[in-house]
Number of protein chains: 2
Amino acid sequence: MIKLFQFKLCPFSRRVRFTLEEYNISFVTIDEIIWNKRKEFLAINPAGTLPVLIDEADDIIINNYAIIEYIEEKYSHLQKGISLISGNLRGKAEIRRLVDWYDNKFYNEVSRIILRELIDKYYMKNKTEDKSPNMESLRIAQENSIYHFEYLSHLISSRRWIAGDAISQADIAAATHISCLDYLNKIDWDKWSEIKNWYARIKSRPSFSSILEDRLAGFHPPNHYSNPDF
Amino acid sequence: MIKLFQFKLCPFSRRVRFTLEEYNISFVTIDEIIWNKRKEFLAINPAGTLPVLIDEADDIIINNYAIIEYIEEKYSHLQKGISLISGNLRGKAEIRRLVDWYDNKFYNEVSRIILRELIDKYYMKNKTEDKSPNMESLRIAQENSIYHFEYLSHLISSRRWIAGDAISQADIAAATHISCLDYLNKIDWDKWSEIKNWYARIKSRPSFSSILEDRLAGFHPPNHYSNPDF
């Protein structure tokens, strides 16, 4: 059985789960609190990062980019032509450009900051001194998010999905970052109706349901979080 | 003819050049000073980032990750089985894990800081106030580099190339970041003999020669920079 070491509010862990579910691949998850630096986990991945996939042959696959391309190459052909990095070479390049946009640009400017202030600091608390969220950092991340949400609105106003007619890794990357922010109630949905419509379509997919069922002790999501008709 | 918009001391631009040269693909380069925000360039890539590839069919391919996978899928089969993301699925995952290590972890902790302080600030100078390099930031980047160089030494002491027996995108990613630091004389080669041996093999490749010929006005590389027997 495939094992996935993950953290519930890690956008990259969510992305691997969403991808495996889209391909109907069975797997078990192991919740890893990376801040605890568990020895058994560090023996598997000395860098201590998530996600980590252990496949049926006990091969250890580390790193989001490596795992996503690995799943694509290994499993997409089993799905009767369904692919999450699909199309001609130009179409695939557009998907990968947007994946990198969310995994690096959006992450560094928005989701990493919010997750660091609210989640990392909460888990680090017992290790070092009490560290409250830096309100100025949170304000900057919220401000940065406006430009990103405008770009996302632009993309999905002209296309059915982010990178074209079919759902792709670009949607999965954007949706998993956004889902972490939404869990922390950091999105004002009244302002972003186009993104809300697209995200409602994501939320309605059976492959996304486990992400909507996630609950992290100490952090209650808003009521609309799990509701596809929010 | 393929066109590559690049900056001489951008590790990601260097990586695409190195890759195209390895595959014997003809291309022309266009030096783009991104800080100038040239309108014609922003019309091609509104995000203003490098590298950008325009292929024979005038398709615009944006983003390092997208370009590298695009070149791999389009051209590696023309090279009689030579591939820079090679091996079985596990081997490919190891290459991609290490590419991401250099393009994100090494970049964020070392090369981005040094390039920002020395290069970005130089090009931004005329736009805003005079900004000298922050010596404390440079010191932190140098300190971070020690742990990265120890890890690189570890990798190439047990393998011929970084990810295994064959040269791969992992070597190209590491080498292009390192080549930018070396141009700025930020590597103490006396301390890193294993890395030096590996980098000498990289420098000896004809595909790397154009990178060794790069000269950026205002920044003279040290004498050893171009010499494969340094």
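Up top you'll find the structure we're talking about.
Notes on the structure follow. As the structure is a computational prediction, the values presented were derived from the model and not from experiment.

Digging into the sheet that holds strand β3 (residues 52-54) of chain A
Residue and element names in this part refer to chain A. Read across the open sheet, the four strands follow the order β2-β1-β3-β4; overall the sheet is mixed. The sheet terminates laterally at β2 (27-31) and β4 (60-62), the two strands that pair on one side only. For this sheet the average axis-to-axis angle between neighbouring strands, irrespective of direction, equals 20°. Looking at chain direction, strand β1 (residues 2-6) and β2 are connected through five bridges and run parallel. Directly across from I2, in β2, lies its bridge partner F27. Together, β1, β3 and β4 form the strand contacts of helix α3 (residues 64-75), whose direction differs from that of β4 by roughly 130°.

Side note on the interface of chain B and chain A
Taken together, the contact between chain B and chain A spans 23 residues of the former and 23 residues of the latter. Taking both sides of the interface into account, the surface hidden between chain B and chain A amounts to around 2200 Å²; carbon and sulfur atoms contribute 61%. Its largest share of buried area at the contact with chain A, chain B owes to Y65, L89 and R96 of chain B, together 28% of the area lost on that side. In this structure, the connection of chain B to chain A is made through six salt bridges. Linking R96 of chain B and E73 of chain A is a salt bridge whose minimum nitrogen-to-oxygen distance equals 3.3 Å. Summed over the shared surface of chain B and chain A, the number is ten residue pairs in polar contact (both at pLDDT 80 or more). Residue assignment for the side of chain B that touches chain A shows that the elements contributing at least two residues are β4 (60-62), α3 (64-75) and α4 (89-124) of chain B.

A word on the packing of aromatic side chains
The geometry of an aromatic ring pair is captured by the separation of the ring centres together with the interplanar angle, meaning the angle of the planes. Tallying each qualifying case throughout the model produces 39 aromatic pairs over all chains. Aromatic side chains Y122 of chain A and F219 of chain A sit 4.8 Å apart centroid to centroid with 75° between the ring planes, which places their arrangement in the edge-to-face category. Of the two residues, Y122 of chain A is situated in helix α4 (residues 89-124) and F219 of chain A in the segment after α8 (209-213); the sequence distance between them amounts to 97 residues. For Y122 of chain A, a relative accessible area of 35% translates into the label partly exposed. For F219 of chain A, a relative accessible area of 14% translates into the label buried. The interplanar angle of 10° and the centroid separation of 5.4 Å between the aromatic rings of W189 of chain B and Y199 of chain B together place this pair among those described as stacked. With W189 of chain B in the loop between α6 (169-183) and α7 (193-203) and Y199 of chain B in helix α7, the pair connects residues that are ten residues apart, well separated along the chain. Judged by its relative accessible area of 6%, W189 of chain B is buried. Judged by its relative accessible area of 0%, Y199 of chain B is buried. By way of ring pairs, the aromatic residues F18, W189, W198, Y199, F208 and F230 of chain A are connected into one cluster. In this arrangement the basic side chain of K105 of chain A is found over the ring face of W101 of chain A, its NZ or CZ atom lying 5.6 Å from the centre.

Quick word on the side chain of H148 of chain A
Residue and element names in this part refer to chain A. Counting through the fold element by element, H148 comes out in helix α5 (residues 135-158). A relative accessible area of 1% places H148 in the buried class. Those residues in contact with H148, other than ones at most four positions away along the chain, are W101, K105, F106, E109 and V110.

Scoring rules and cut-offs
- Residues numbered from 1 in each chain as written.
- Chains lettered and ligands numbered in written order.
- Predicted model: local features only at pLDDT ≥ 70, side-chain atom pairs only at ≥ 80, totals over all residues.
- Heavy atoms only, no water.
- Pairing = 2+ DSSP bridges.
- Helix = DSSP H or I, 4+ residues; strand = E, 2+ residues; numbered from the N terminus.
- Axes fitted to C-alpha atoms, helices over the stretch in contact; angles between N-to-C directions.
- Contact = heavy atoms within 4.5 Å.
- Buried area = accessible area lost by both parts, 1.4 Å probe.
- Salt bridge = Lys/Arg side-chain N within 4 Å of Asp/Glu carboxyl O.
- Polar contact = N/O pair within 3.5 Å; in protein donor to acceptor, adjacent residues only side chain to side chain.
- Phe/Tyr/Trp six-rings, centres within 6.5 Å; stacked < 30°, edge-to-face > 60°.
- Buried < 20%, exposed > 50% of the residue type's maximum accessible area, 1.4 Å probe, protein only.
- Lys NZ or Arg CZ within 6 Å of the ring centre and 35° of its normal.

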